[in-house]
Amino acid sequence: MSSTAADKPSRKKKKRRGPEIRDIHRLYEEAVQCPEEDVRFFDRVYSKKNGRPPRVLKEDFCGTALLAAEWVRTRADNEAIGVDLDKATLDWGLEHNIAPLDGDRKRVQIIHANVLDVREPKVDVVAALNFSYFIFKTRGELRKYFENARASLAPGGVLVVDIFGGWESQMEVTDKTRNKGFTYVWQQQSYDPLSHETRFHIHFRFHDGGGIKKAFTYDWRLWGIPEVRELMVVAGFAHTDVYWEGIAPDTGEGDGDFRRVVEAENCPGWNALIVAST
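Residues numbered from 1 in each chain as written. Predicted model: local features only at pLDDT ≥ 70, side-chain atom pairs only at ≥ 80, totals over all residues. Heavy atoms only, no water.

Student: Even after reading the chapter, I still don't get the overall build of the protein, so can you show me in this structure?
Tutor: Regarding its fold elements, the protein presents six helices and 12 strands. Taking 19 Å as the expected radius of gyration for a compact globule of 278 residues, we find that the protein reaches 18 Å, a close match to that expectation. Counting only C-alpha atoms, the protein reaches 50 × 45 × 35 Å along its principal axes. Taking all 278 residues of the protein together, 53% fall into the buried category. (Helix = DSSP H or I, 4+ residues; strand = E, 2+ residues; numbered from the N terminus. Rg over C-alpha atoms; globule rule 2.2 N^0.38 Å. Buried < 20%, exposed > 50% of the residue type's maximum accessible area, 1.4 Å probe, protein only.)

Pasting the structure below:
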């Protein structure tokens, strides 16, 4: 299956650089992704379980492979595998994110394939972020993905996915986040309470005029935490943990700090990470 996936603007993102303002992939990376924080989280949960940092990452639905590139930059012996069906996006990522690694790019393997078909080589961490797995709309499809992810893991490995919810996630709403040179617009166009199928768009509005309407569109099922965890167990994982994003008191928005919880307070919108292990 393919990405590029998305992220709600409530999740805190640390800016890395000014975007190439008319390039939708750079705009997306700047507005949505923070691979440095993702890498730190992977290190934290894996090291707690295994007493050592992870070394090999598989980024499913990798899109432009920004996370894979950051992974190999983090440590000299880290290796990354990126898997995606969208060849044009992979090619862009190879040029803009992997090629600049120079000699380190030999530690990144980019695979143009369905994430359901790639199980080798074995890895320490499988990551499916930006809600990319929401593309699977039935329990059978999502279970099959989790089974493949589990089969991809070396002993001690973990699967990390993110998830969002709250009552605003069932409403047709539009959120706007101002960035340097542009505004990121996240629009929920529709939501079906019978199937939980939902449709989102990402738009970019340039501060000097114009923009890109429907730069990305997502036709997803909005999954809940209990059903995702239950399917992980059915797929063979022995343990699942939920890491809940805190709220910044000054803004009322997500603060980017994810802590393990066993219960949580309902709110209009929330973000969480689920970590599954064997």
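Student: Is there a simple way to think about the packing of aromatic side chains in this case?
Tutor: Both the distance between ring centres and the angle between the ring planes are used here to describe each pair of aromatic rings. Taken as a whole, this structure holds 22 aromatic pairs when the rule is applied. Look at Y133 and F134: their rings are 5.0 Å apart centre to centre, the planes differ by 80 degrees, and that puts the pair in the edge-to-face class. The buried category is assigned to F134, whose relative accessible area is 0%. Measuring from centroid to centroid gives 6.4 Å for F164 and W186, while their planes differ by 85 degrees, and the two rings are edge-to-face. With F164 in strand β5 (residues 153–165) and W186 in strand β7 (residues 182–191), the pair connects residues that are 22 residues apart, well separated along the chain. By the burial criterion, F164 is buried, and W186 matches it. (Phe/Tyr/Trp six-rings, centres within 6.5 Å; stacked < 30°, edge-to-face > 60°.)

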